[in-house]
Number of protein chains: 2
Amino acid sequence: MRKLLLLLCLLSGSLLTLQAEDGYRLWLRYEQVTDKALLKAYRQQLSGFYIPGSSATMAAARHELQLALPALLGQPIASQAQPQAGSIVAGTAAQLGKLVTASLQDAGTEGFHIFTTPLHQVVITGNTDAGVLHGVFHFLRLLQTQQPVQSLNISSAPKIRYRILDHWDNLDRSVERGYAGISIWDWHKLPLYLDRRYTDYARANASIGINGTVLTNVNANALSLTKDYLIKAAALANVFRPYGIKVFLTARFSAPMEIGGLKTADPLDAQVQQWWKNKVKEIYSYIPDFGGFLVKANSEGQPGPQNYGRTHADGANMLADAVAPFNGIIMWRAFVYSNTDADRFKQAYEEFKPLDGKFRSNVAIQVKNGPIDFQPREPFSPLFGAMPHTPLMLELQLTQEYLGFATHLVYMPPLFKEVLTADTYEKGKGSTVAKVIDGSLENHAISGMAGVANIGNDRNWTGHPFGQANWYALGRLAWDYTLSSAQIADEWLRQTFTNDARFIAPVKQMMLSSRETLVKYMTPLGLHHIMGYGHHYGPAPWFNKGARPDWNPVYYHRADSAGIGFDRTASGSNALAQYAPEVRRQWENLRTCPDAYVLWFHHVPWNYTLHSGRTLWNEMCYQYEAGVQGVQQMCNTWDSVSIFIDEERAQQVKMLLQIQLTEARWWRDACLAYFQTFSKMPLPQGVPAPAHTLEYYKELKFPYAPH
Amino acid sequence: MRKLLLLLCLLSGSLLTLQAEDGYRLWLRYEQVTDKALLKAYRQQLSGFYIPGSSATMAAARHELQLALPALLGQPIASQAQPQAGSIVAGTAAQLGKLVTASLQDAGTEGFHIFTTPLHQVVITGNTDAGVLHGVFHFLRLLQTQQPVQSLNISSAPKIRYRILDHWDNLDRSVERGYAGISIWDWHKLPLYLDRRYTDYARANASIGINGTVLTNVNANALSLTKDYLIKAAALANVFRPYGIKVFLTARFSAPMEIGGLKTADPLDAQVQQWWKNKVKEIYSYIPDFGGFLVKANSEGQPGPQNYGRTHADGANMLADAVAPFNGIIMWRAFVYSNTDADRFKQAYEEFKPLDGKFRSNVAIQVKNGPIDFQPREPFSPLFGAMPHTPLMLELQLTQEYLGFATHLVYMPPLFKEVLTADTYEKGKGSTVAKVIDGSLENHAISGMAGVANIGNDRNWTGHPFGQANWYALGRLAWDYTLSSAQIADEWLRQTFTNDARFIAPVKQMMLSSRETLVKYMTPLGLHHIMGYGHHYGPAPWFNKGARPDWNPVYYHRADSAGIGFDRTASGSNALAQYAPEVRRQWENLRTCPDAYVLWFHHVPWNYTLHSGRTLWNEMCYQYEAGVQGVQQMCNTWDSVSIFIDEERAQQVKMLLQIQLTEARWWRDACLAYFQTFSKMPLPQGVPAPAHTLEYYKELKFPYAPH
């Protein structure tokens, strides 16, 4: 017996060595429960599972339980033909009949109810198959995070209706701002070859409640709407459908000309309108539950209605009319800015606010969290709260375009929560961005949250093992934005790495402070967009050769001998006037503006004393140094706890933290060397002199940095 | 006890489900031996392993045994401090002392000797650490293929000195002619992040005897020779070194101008020569065992010595002089052709033969197997046998640029063996290409075989699971080109899939006929280079818009109302005059020229009767149809035996075969529809009419086909 036990251990050991933790399984690892008492309890409580439904979605639920339960419990678990004592019972109220006693009104079309019956059955139910599937994944999350399940009574429904991943993936498999390999969509091999990744992508998304995926880049290619590619997209939609996930595509506004042979793409032209109606009908013939279009128009060179003297509303409404008969929606992006003298900060608001109320009911305007572009910290976009008659979706960026690519460990929920909890004061105190985008503030039928995916064909999906946490968090927050960053980190860590508290506690703390650490070593005090030109890799605050003023870091920091920062008060661009008075008043007054935002709104003298009690220059120096120290602390933390997890990921993160530390120092040294040419002040004690001359940093070139 | 056994099975089962066979482990899977008698014998015979050496290479050998043996044997196996009865003993003769009784003269610097001692020890030895490591991998191959090991006496040494993978990988991670994702070299994250793949790549190569890797594309980028990239390359070299694998780089001939600031790259310019000497010295400061350069010069737009009125010898010798002090070599490619009226077939010979004897002793000329470009079937290059004073390396292409990309199952050793066994008659009968490239025919010190890698960051490395077999075969054949295609297929299948004879026999047969099947549905009877323009995807025999005559399929097939084929006899381009008389005589006579080569050398009337007894037109039709039938047979075979392997790879191959079948039909239909416009003859019975019109096939566009 002992010998056999030894053999068992050795076998497991060798299997683990040969099949190392490559990160592919994400948070659906289903490792055996390590808490012995709990494992015993689970084994006693759970006798098997009973799933009467036969739809593809119910098959997916069954498959997931079959995969997960034997692995989690380390013993076989039966698929039962009838519910028994201790059964896990999964089905809609209609399928389960009298087993479901409570009302499911709150569960809506995607939510679930999990409860324990007097016969110790765990009933997972909902109004729809998709709701039940979400419940199954939630139940497995309870097991994976080692929660007691003997007496459950959980109701949950999403606060947001459209919970979406935006893939900036091109047809040649390159990914714009992708740092985790190339696109997982292998267009060349579709539709006949269905990579296992497609199913696992759907499983992962369903497990966190994501219900839509935009397959193609917002910088769109009309060819993605041709028959060949629609058939390929349909093959993906077929894989995703059982998991409750709809496919969306990006619409290139000039497609009627490029693939339709028309002379114009004018949205008021009858031929153009008919072309889109025909095209949409064709799309739905391949993908009956097609979600609709995401559109980037008249922005950064993309064509749009303004090419024909029409408005964004004219363009969006034309497409909305085409998809309306099929219950599709249009997600129209507000990320616009043009080559004008106007502060780029102000332009989206100026273009879109006048259009409020002019969009069809199946149009949502997708607004980035901040007014510029996914910076490490931005004030919330002034459009939130400014378009009461229009559903606004929140667009977040998971891929770390401006946050160190996939080599920096940055846990983003604190950033996401910062904007979600920001108060627009649209209808007085408490009018948070969350209430704007969930539709509750203005009673909109459409509500949405989208994240620009950080997913590529790297084995672990996101490049950095911790990048998975941001994907996970997007889904969880879109489902329920009241979840705390700590709670999401906790459950993600337990599922992804281990339930060992010796690991969880310090690593959770490291995650929670990681975004603030990055802000410090990259863009402290409200600095923004001072990254390298084009690829956005590394610091380049000195760069001023961009073709347009607002493509240059110097445009954003405006450092001079007097001080640094962008005056957006009434004495400057007056962008602050776009906010509600309550917001504006706090930020326009240098005395009340938080240090974290000060250089977003003020040109501040170098020797001005901040709330911290230090002069601006000294505080900037301390922040940069604190950022570096913060990364060093992350390295130390990791070294002290990584023994509690598998060696492969321990090593991966260790190496990535070394890159992060190297680059944090580079950021500190290059930025301070440059800004010191304006402040003319010495580095305060404790801040080391830059390792190289400013010229050295300026001359660094990265022609093959991912971009 | 029974319960525990059950648990064990269930655990293994669930682990296997969660950790599916993704193909990552290649042929180093180390699954437990399934033959029960043999397993018992192994367990009794092998008591542990003893490795006295402490070098990095010996650590690699130890690591491999630690990884493999417990998994293969399903029981722990001890690392022993002293050799005992039944020990596996691995070390050089110097390390093992009197344990090594026989002479190791034949083992050379990389070979090994494995023998059983009277104490039933398995001694794995060699003159060098690398030799021992090769022996360890050979021993593990014996176990994986379930050979008896109770009485071993195996000596093996490589027949070829430089056994190399050429990566056509760019610094932006795109791979020229890559169909398995992007480059596994993640230049952006190097040198600090060392992907586990780098080690596993080295393990895989060492296991088959590959000892060199050219990291960068022959269409070279001078930046790969700058300090930043050399440090990155050095990090890779450090990973590979313990496995006996040297790093090579491609040299952009104009680098002295592009990164050196010189006004010229003239190889006779003293400054240029000095620049290369300095650069090489710098490279060796980072990579002390740097292998040397691979150079594509004055070919397809690449710069070279001819830009300065110098010869290939002038260029190669300049670089050779720079690397000679460090024992480096120059691999100078003979793949040249220019925009002249001369038959492209003849150009490499015409440029290089006059230079025979003019190269330094550390220069090898790397010659593609055929005179054109890696076609499904080519006659051997006439350069083989024509440059007796110069070491010639053989360049093969593993990546399937012209062989259906990574979606067609094509086992290439029959192609490789075809050229290796081809007789050049340089020194009379038996002067095979193999004897030319192994240096034995002319007693050259340098000998080499290179394969253009089919490796990318796809999880299974090569895209198609069977693509791994071609990588495997390159190593095995470079080590010993006398191995048969069947033997290599057999051992690869056993290690990669299963030892189950019900699977091995039919799949081996399928592999062995697969290349001939592809030739039939793609380019039967000596047709060549009739693929799509640029990307080479699919059939395009009609294409005639290329900027140069020899970039057009019509240049190669020359179909007209009289017949089809390229007359390379004395009445045509007379390319056949480049071969030895014995070769020329057979091929220039239509009566003796094999059907397989006939359209390579003759313009043949449509109604000419071939050796098969059919007219050319009918035979062409039958061949295309037979190719399609062959793929259908492959599908059937796979469906009948894939139950003997894991479901994941079974499904993958099944889907890929469906693509192959679809594309084989496309080739047949498009080519016959087109050629029929010349032959004006009906399709013979049994050959179905094309599914679409010729116009349909002509209008197909693939703007995002990988290329």
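Residues numbered from 1 in each chain as written. Chains lettered and ligands numbered in written order. Predicted model: local features only at pLDDT ≥ 70, side-chain atom pairs only at ≥ 80, totals over all residues. Heavy atoms only, no water.

Our next topic: the sheet that holds strand β14 (residues 448-452) of chain A. Residue and element names in this part refer to chain A. The parallel closed barrel is built from 8 strands, whose spatial order is β7-β8-β9-β10-β11-β12-β13-β14. When the angles between neighbouring strand axes are averaged without regard to direction, this sheet yields 25°. With 4 bridges connecting them, strand β11 (residues 329-333) and strand β12 (residues 363-368) associate as parallel partners. In the sheet register, Met-331 faces β12, and the bridge partner there is Ala-364. (Pairing = 2+ DSSP bridges. Helix = DSSP H or I, 4+ residues; strand = E, 2+ residues; numbered from the N terminus. Axes fitted to C-alpha atoms, helices over the stretch in contact; angles between N-to-C directions.)

In the predicted model, chain A carries a mean pLDDT of 96, and 97% of its residues have values of at least 70. Under a pLDDT of 50 for its full length, residues 1-18 of chain A has, in the predicted model, 24 contacts with residues more than four places off or in other chains. (pLDDT = per-residue confidence, 0-100. Contact = heavy atoms within 4.5 Å.)

Bringing the pairing of strand β9 (residues 246-250) of chain B into the picture now. Residues and elements named next belong to chain B. Of all the 5 residues making up β9, 4 are buried; the element is thus mostly covered by neighbouring parts of the structure. The pairing of strand β8 (residues 212-214) with β9 spans 3 bridges and is parallel. When the sheet's bridge partners are listed, Val-214 is paired in β9 with Phe-248. The parallel pair β8 and β9 is bridged by helix α7 (residues 227-240), and the resulting crossover is right-handed. Pairing geometry for β9 and strand β10 (residues 292-295), over 3 bridges, is parallel. Bridging across to β10, Phe-248 finds its partner in Gly-292. (Buried < 20%, exposed > 50% of the residue type's maximum accessible area, 1.4 Å probe, protein only. Right-handed = clockwise from strand over helix to strand, strands pointing away.)

Time to look at the pairing of strand β14 (residues 448-452) of chain B. All names here are of chain B. Buried residues dominate β14, accounting for 5 of its 5 residues. Looking at chain direction, strand β7 (residues 162-166) and β14 are connected through 5 bridges and run parallel. Bridge pairing links Leu-165 to Gly-451 in β14.

This brings us to helix α6 (residues 196-208) of chain A. Residue and element names in this part refer to chain A. Relative to the 18 Å expected for 13 residues at 1.5 Å per residue, α6 spans 19 Å between its end C-alpha atoms, a close match to the ideal helical length. Of all 13 residues in α6, 11 are buried; the element is thus mostly enclosed. Buried residues of α6: Arg-197, Tyr-198, Asp-200, Tyr-201, Ala-202, Arg-203, Ala-204, Asn-205, Ala-206, Ser-207 and Ile-208, and no others. In the core, the buried residues of α6 are packed alongside α3 (56-73), α5 (129-144), β7 (162-166), β8 (212-214), α7 (227-240) and α14 (467-479). (Expected span 1.5 Å × (residues − 1).)

Quick look at the environment of Gln-578 of chain B now. All names here are of chain B. Tracing the sequence through the fold places Gln-578 in the loop between β15 (563-564) and α18 (581-588). Residues Gln-578 and Thr-498, 80 residues apart in the sequence, show an inter-C-alpha distance of 46 Å. If we ignore the near neighbours within four places in the chain, the residues touching Gln-578 are Phe-345, Lys-346, Tyr-349, Glu-350 and Pro-382. Polar contacts involving the side chain of Gln-578 include one to the main-chain carbonyl oxygen of Lys-346, which spans 2.9 Å. (Polar contact = N/O pair within 3.5 Å; in protein donor to acceptor, adjacent residues only side chain to side chain.)

Across all of its chains, the model carries 94 aromatic pairs over all chains by this definition. Residues Tyr-555 of chain A and Tyr-556 of chain A carry aromatic rings whose centres are separated by 4.7 Å and whose planes lie at 80° to one another, so their mutual orientation is edge-to-face. For Tyr-555 of chain A, a relative accessible area of 11% puts it in the buried group. Linked through ring pairs, Tyr-24, Trp-27, Trp-185, Tyr-198, Tyr-201, Phe-240, Trp-461, Trp-471 and Tyr-472 of chain A together constitute an aromatic cluster. Over the face of the ring belonging to Tyr-337 of chain B we find Arg-344 of chain B, whose NZ or CZ atom lies 3.7 Å from the ring centre. (Phe/Tyr/Trp six-rings, centres within 6.5 Å; stacked < 30°, edge-to-face > 60°. Lys NZ or Arg CZ within 6 Å of the ring centre and 35° of its normal.)

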